[in-house]
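Structural overview
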There are 2 protein chains.
Amino acid sequence: MEVTRKNFKESLNAIYSAIEEADFLAIDGEFSGISDGPSVSSLTNGLDTPEERYQKLKKHSMDFLLFQFGLCTFKYDQSASEYLTKSFNFYIFPKPFSRNSPDIKFVCQSSSIDFLANQGFDFNKVFCNGIPYLNQEEESQLREQFEERRSQSNGSQSFISPSSCKGPINVPDEQKDFVNKVVEKVEGLVKGTDKSIHLEPCTGFQRKLIYQTLNWKYPKGLHVETLENEKKERYILISKVDDDERKRREQEKQEKEQGELNDAVGFSRVIHAVSKSGKLVIGHNMLLDVMHTIHQFYCPLPQELIDFKEVTMCVFPRLLDTKLMASTQPFKELITNTSLAELEKQLKESPFKPLKVESAEGFPRYDTATEQLHEAGYDAYITGLCFISMANYLGTFLTPPRAHISARSKLIEPFFNKLYLMRIIDIPYLNISGPDLQPKRDHVLYVTFPKEWKTSDLYQLFSAFGNIQVSWIDDTSAFVCLSQTDQVQIAVNTSRYAESYRIQTYAEYMENRQDKQT
Amino acid sequence: MEVTRKNFKESLNAIYSAIEEADFLAIDGEFSGISDGPSVSSLTNGLDTPEERYQKLKKHSMDFLLFQFGLCTFKYDQSASEYLTKSFNFYIFPKPFSRNSPDIKFVCQSSSIDFLANQGFDFNKVFCNGIPYLNQEEESQLREQFEERRSQSNGSQSFISPSSCKGPINVPDEQKDFVNKVVEKVEGLVKGTDKSIHLEPCTGFQRKLIYQTLNWKYPKGLHVETLENEKKERYILISKVDDDERKRREQEKQEKEQGELNDAVGFSRVIHAVSKSGKLVIGHNMLLDVMHTIHQFYCPLPQELIDFKEVTMCVFPRLLDTKLMASTQPFKELITNTSLAELEKQLKESPFKPLKVESAEGFPRYDTATEQLHEAGYDAYITGLCFISMANYLGTFLTPPRAHISARSKLIEPFFNKLYLMRIIDIPYLNISGPDLQPKRDHVLYVTFPKEWKTSDLYQLFSAFGNIQVSWIDDTSAFVCLSQTDQVQIAVNTSRYAESYRIQTYAEYMENRQDKQT
Ligand SMILES: Nc1nc2c(ncn2[C@@H]2O[C@H](COP(=O)(O)OP(=O)(O)O)[C@@H](O)[C@H]2O)c(=O)[nH]1
Ligand SMILES: Nc1nc2c(ncn2[C@@H]2O[C@H](COP(=O)(O)OP(=O)(O)O)[C@@H](O)[C@H]2O)c(=O)[nH]1
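This report concerns the structure included in the present document. This structure is a prediction, so every number in the text was calculated from the model and none was measured.

**Side note on the overall build of chain A**
Helix and strand counts for chain A come out as 18 helices and 17 strands. Taken against the 2.2 N^0.38 rule, which gives 24 Å for 518 residues, the C-alpha radius of gyration of chain A at 30 Å runs more than 25% over that of a compact globule. Reported as C-alpha extents along the three principal axes, the dimensions of chain A are approximately 100 × 70 × 40 Å. Looking at chain A as a whole, 52% of its 518 residues are labelled buried. For chain A, the share of sequence-separated contacts (at least 6 apart) that also reach a separation of at least 24 residues comes to 71%. As presented, chain A carries roughly 25,000 Å² of accessible surface, and 49% of it is formed by carbon and sulfur atoms.

The structure is reproduced here in structure tokens:
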């Protein structure tokens, strides 16, 4: 189901109940770009530490916009032995909801935009009808703004604002005439038979003076509000009201404001519901999805990885990454290509079993034969399918074998909260709910050289040492993994008198880096 | 006429000849945002110097994308006493043209995007079918790349690449087997009757080794090229060729590359043509348009304003800004609102004369009654109309009065190369072809204060000094213009012992700023 600003409010209950009844959820995001700094290959060095990788992604990926969010809910129907799915494809855009709301800037990367354009992505839907959102801080700021306005407006209990309650307000000389004329008019209103008057459009500063003056002179019996005419000019309407009328208007205003607040929080409400459900959330290669989701709908990402893990566990208490699952035993041996599309294909073949999955009533069917890859809702759906296939495969090892393994089974617990780390040679995943693996890197050299060098020059330099593995850092440096640890010292020693290049051990390199940072 | 990547090449001649025959050109750009830093009001302080304003716009506006460009050409038909117009509305997008091309990142501002979305702007057209472009440096880099490849490839005269001409190349141990097998195959090809063989897909590094090895072993008689199969894998095709065949293929390749280069330069060719024509280029409030055009299609903007003026005069030797014209005598008295839409309306009424303007054959008519404002092509068209109305009005002052004033008339020269400066109190324009006005600012104070202060606090502080004018700089500082210069010293003196705020003269402020900069 496609969800835009146009049908968001009316779909919200359906979304909430889909989440509520689900056994697990699958998610996927589409972004306006991946890296605003280095090329993706140097963004993902083969020997990054988890902390480094987090810092790089935080620095170079978070200014992009998550503008499509896929959510697919999976509910197991015991009687029919099948899963029922409800798939939602949300278009997201930070439309400013009022003149004072934050004016978000986001970056687009032309290669990513071009890629999505080629997939038939509908940018007009994003930019014209995307659902707005607020993070938690913006939400409470807006709430406070509303409350402040309410407590200042002359209809509420503390109708005299703090700054004006001590007596007549300061009106600048050149505004005195203006304000006096308004007071005269209001005097006429109070004494006459008219119910209300509207003033000519005027500046915000003048409106403020009017509010303050009337608050002070007429603490009761008047309702003052700012309206807009057809020319979008703002003017003030002043009405005589009795107490009941005043209360009714206040209530109305309050409800309207609550509605506006809800509209502004917008898509974040869906993420709040996912979070509150505590359900298992599945993604494919989902680290960036999780980072963007938290960054955009909760709070700016914390400085340190350890704090990010903590926030993540609050927002998504149980995560599972199908790319990590597919790269782990017993799947590793069976699956040659873990990209989502290829994984989905391979899981349709033996030894994996065909799935019984149906779209719930009223939800359009996705057909995996005619791929709609890279639409977030479809990708989330496929990701869920992959999870079910792999989970069920684990059931075949039980005695007796079980055809269906639920999202609550102990068998899948080993995969919880481990997010796939792309292209790191020796650390397969980021462990969200604990410390990370710390592989020995004592066979690794850090080599610096002139920028003319190519991979072949490195191969040649180390030709005496057998097989090597090169991870480029930038133009003039790379990590080189030797096949044998005892060669490290030899390499370092022979390089001592070299002029064009320099070799350090990985340990020396890390020490230097830490010195530089502190 | 709408121009996208799809019809760009076939439209190019029409565009060129429209420019060639025109009496003047009008342009307009739409951007993905205006300011990525401060709010627009502090981006445009009322007391900026021209240098400051340039720096601010350069820093805070150039990361946005100019993604729609309007060009409207105006040609006067003497016999019919009317203008013929050709209007082009270009969609622009930096689609990466190959795997090695620059991957542009650009910023979007949600308020601008939302504004355009509400005008019915078609983002899909931009992102799916936008015309690519290169600036001058990117163009020459690409040209060099092509030339380098050509000079390295084994078909051209210097077919042995510099790095491999000195003998057998260095093949890393683990690649030797691979390369030897290829050489065996090629040996078979050379001796056998087959015309060509294609190799299995392999890595870029392996392809490089193949190129180098074959260059060295078979300097003549072979044509080697990289192709792509249906799976997008790259493989090498090796063909036996005689000298004629080799030359023919070289020529073909060269023409293909020239075509690719032209495609990549794309929309920049239109700006080159505008520039080369030397024609009068009209815009409305056009400083940002000019800056973006130069930045995107020529070169990164220079550090200093004076160099920017020089570059601008090279690219656009004659500019005219209708907003500046409308704000200058004799129009200033007649025109109350100089925004493009309002200006156009006012110029339809007395004392201005109705215009005779027609769309050239084959070009769709714009109807100013049903506005299509904020489509760049339409805005350019309207801008041209405004210019004509105002120019003709100047003709009424001649004796005898003249109904038509051409773009070459001396009467409009006073308006040349003066670009409207938004919201600067005392400097109406940026003078592109000379030094800027240097108004005295000896009635101006620089005031700093706690961030709780409001405009009203400033009015109160200076209540003894009569009328003042406030220009906010940021949360805690503002310029205050006094109505009388002799009050400046009094204000500074009375502030000497103040604790919460500080007052300096404008001269002191400027001195401090320069000290800080050097
Ligand atoms: N005391 C008081 N001031 C208000 C109230 N509403 C608006 N104002 C003030 O009047 C100014 C004008 O507000 P408004 O007419 O809503 O639009 P604005 O000009 O865009 O801010 C605001 O900046 C507030 O400082 C109110 O309910 N009570
Ligand atoms: N000497 C020589 N090397 C080439 C030529 N074309 C490509 N190469 C090299 O082979 C590598 C592979 O090139 P290519 O197959 O076009 O695609 P790539 O793998 O994406 O760079 C390139 O990076 C070049 O270094 C050529 O014409 N002559």
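**Description of the pattern of salt bridges**
Counted according to the given criterion, the structure contains 44 salt bridges over all chains. Here A:Lys125 and A:Glu2 are joined by a salt bridge, their closest N and O atoms 2.8 Å apart. Residue A:Lys125 is found in helix 5 (residues 123–129), and its partner A:Glu2 is found in strand 1 (residues 2–3); the two are separated by 123 residues along the sequence. A relative accessible area of 36% means that A:Glu2 is categorised as partly exposed. Between B:Glu187 and B:Lys191 there is a salt bridge, with the nearest N and O atoms lying 3.3 Å from each other. Of this pair, B:Glu187 and B:Lys191 both sit in helix 7 (residues 173–191), four residues apart, roughly one helical turn. For B:Lys191, a relative accessible area of 67% puts it in the exposed group. A cluster of three or more residues bridged by salt bridges with shared partners is formed by A:Glu245, A:Arg248, A:Arg249 and A:Glu252.

**Quick word on the sheet that holds strand 14 (residues 444–448) of chain B**
Residue and element names in this part refer to chain B. Within the open sheet, the four strands sit side by side as 15-16-14-17. Their pairing is antiparallel. Looking at the sheet topology across the chains shown, the edges are occupied by strand 15 (468–474) and strand 17 (502–505). For this sheet, the mean angle separating the axes of adjacent strands, direction not counted, is 25°. Sheet analysis places strand 14 next to strand 16 (residues 477–482), joined by five bridges and oriented antiparallel. When the sheet's bridge partners are listed, Leu445 is paired in strand 16 with Val480. Packing of helix 17 (residues 487–494) onto the sheet brings it into contact with strand 14, strand 16 and strand 17, and relative to strand 17 it is tilted by some 145°. The sheet strands contacting helix 18 (residues 506–517) are strand 14, strand 16 and strand 17, and the helix crosses strand 17 at an angle near 90°.

**Here we look at the packing of helix 3 (residues 50–61) of chain B against helix 11 (residues 287–297) of chain B**
Residues and elements named next belong to chain B. Helix 11 packs onto helix 3 with a crossing angle of 55° between their chain directions and a minimal axis gap of 11 Å. Of the possible angle classes, the one that applies to helix 3 and helix 11 is oblique. Crossing handedness for the pair helix 3 and helix 11: right-handed. Of helix 11, the residues touching helix 3 (which contributes Tyr54, Leu57, Lys58 and Ser61) are Leu287, Leu288, Met291 and His292. When the residues that make up the contact of helix 3 with helix 11 are grouped by side-chain class, the tally is five nonpolar, two polar and one charged.

**Side note on the site of ligand 1**
All names here are of chain A. In the vicinity of ligand 1 there are eleven residues, among which Arg99, Gly204, Arg207, Thr226 and Arg234 approach most closely. One of the side-chain N or O atoms of Arg207 is found 2.2 Å from an oxygen atom in ligand 1. Thr226 is positioned such that a nitrogen or oxygen atom in its side chain is 3.2 Å from an oxygen atom of ligand 1. Expressed as a share of its isolated accessible area of 550 Å², the protein-covered part of ligand 1 is 82%. Only helix 6 (136–152) and helix 8 (204–217) provide two or more residues apiece to the shell around ligand 1. Here the shell around ligand 1 gets five residues from one element, more than from any other, and that element is helix 8.

**Points about the interface of chain B and chain A**
Between chain B and chain A, the residue contacts involve 38 residues of the former and 37 residues of the latter. Between chain B and chain A the total buried area reaches about 3,100 Å² when both faces are included, carbon and sulfur atoms providing 56% of it. When the buried area of chain B at its contact with chain A is split by residue, B:Lys105, B:Ser110 and B:Phe127 rank highest and sum to 18% of it. Here B:Lys95 makes a salt bridge to A:Asp114, at a shortest N to O gap of 3.0 Å. Those elements giving two or more residues to the side of chain B that touches chain A turn out to be strand 5 (105–109), helix 4 (110–118), helix 5 (123–129), helix 7, helix 8 (204–217) and helix 16 (455–461) of chain B. The element contributing the most residues to the side of chain B that touches chain A is helix 4 of chain B, with six residues. Considered class by class, the residues forming the side of chain B that touches chain A number 16 nonpolar, twelve polar and ten charged. Two strands pair when backbone bridges link them, and strand 5 (residues 105–109) of chain A and strand 5 of chain B are joined in this way by five bridges, in the antiparallel orientation. Each bridged residue has a counterpart across the sheet, and for A:Gln109 the counterpart in strand 5 of chain B is B:Lys105.

**Digging into the site of ligand 2**
Residues and elements named next belong to chain B. Taken together, eleven residues form the shell around ligand 2, and within it Arg99, Gly204, Arg207, Thr226 and Arg234 come nearest. Measuring from an oxygen atom of ligand 2, one finds a side-chain N or O atom of Thr226 at 3.2 Å. Against a free-state accessible area of 550 Å², the protein chains account for coverage of 81% of ligand 2. The set of elements that each furnish at least two residues to the shell around ligand 2 consists of helix 6 (136–152) and helix 8.

**As for the pairing of strand 4 (residues 82–91) of chain A**
All names here are of chain A. Among the ten residues of strand 4, nine are classified as buried, and the element is accordingly described as predominantly covered. Summarising the sheet, strand 1 and strand 4 pair through two bridges and their orientation is parallel. Paired with Val3 across the two strands is Phe90, which belongs to strand 4. Between strand 3 (residues 66–77) and strand 4, which pair antiparallel one after the other, the connecting turn spans four residues, and Ser81 there sits at a positive phi close to 50°. Of the pairings in the sheet, the one linking strand 4 to strand 11 (residues 357–359) comprises three bridges and is parallel in character. Among the inter-strand pairings, Leu84 is bridged to a residue of strand 11, identified as Glu358.

Rules used in this analysis
- Per chain, the residues get numbers from 1 upward, laid out in the order the sequence is written.
- Going through the entries in the order they are written, you letter the chains from A and number the ligands from 1.
- Totals for whole chains, interfaces and linings use every residue, but because this is a predicted model, local features are given only for residues with pLDDT of at least 70 and side-chain atom pairs only at 80 or more, for both listing and counting.
- To obtain the side-chain values, all non-hydrogen atoms of the structure were used and water was disregarded.
- Starting at the N terminus, helices and strands are each numbered in turn, a helix being any DSSP run of H or I of at least four residues and a strand any DSSP run of E of at least two.
- Here the globule rule reads 2.2 Å times residues to the power 0.38, and the radius of gyration is calculated from C-alpha atoms.
- Each residue's exposure class comes from its accessible area (1.4 Å probe, protein chains only) as a fraction of the maximum for that residue type: buried when under 20%, exposed when over 50%, partly exposed otherwise.
- Should any heavy atoms of two residues lie within 4.5 Å, those residues are considered in contact.
- Computed with the Shrake-Rupley method and a 1.4 Å probe, the accessible areas treat only the protein chains shown as cover for residues.
- Salt bridges are defined by distance alone: a side-chain nitrogen of Lys or Arg within 4 Å of a carboxyl oxygen of Asp or Glu.
- Strand pairing requires that DSSP identify at least two bridges connecting the strands.
- Each axis is a line fitted through C-alpha atoms, taken for helices only over the stretch in contact, and angles between the N-to-C directions span 0 to 180 degrees.
- Note on angle classes: values under 35 degrees are labelled roughly parallel, values over 145 roughly antiparallel, values of 65 to 115 roughly perpendicular, and the remainder oblique.
- Crossings are classed by handedness, with left-handed meaning an anticlockwise turn of the near helix from the far one by less than a right angle and right-handed meaning a clockwise turn.
- Amino acids outside the nonpolar list (Ala, Val, Leu, Ile, Met, Phe, Trp, Tyr, Cys, Pro) and the charged list (Asp, Glu, Lys, Arg) are all regarded as polar, and Gly is one of them.
- Proximity criterion: a residue is near a molecule or strand once any of its heavy atoms comes within 4 Å of it.
- What qualifies as a polar contact is a pair of N or O atoms within 3.5 Å, subject to a donor-acceptor requirement within protein and to the restriction that residues adjacent in sequence count only when both atoms come from side chains.
- When two parts are put together, the accessible area they lose, computed with a 1.4 Å probe and summed over both, is reported as buried area.

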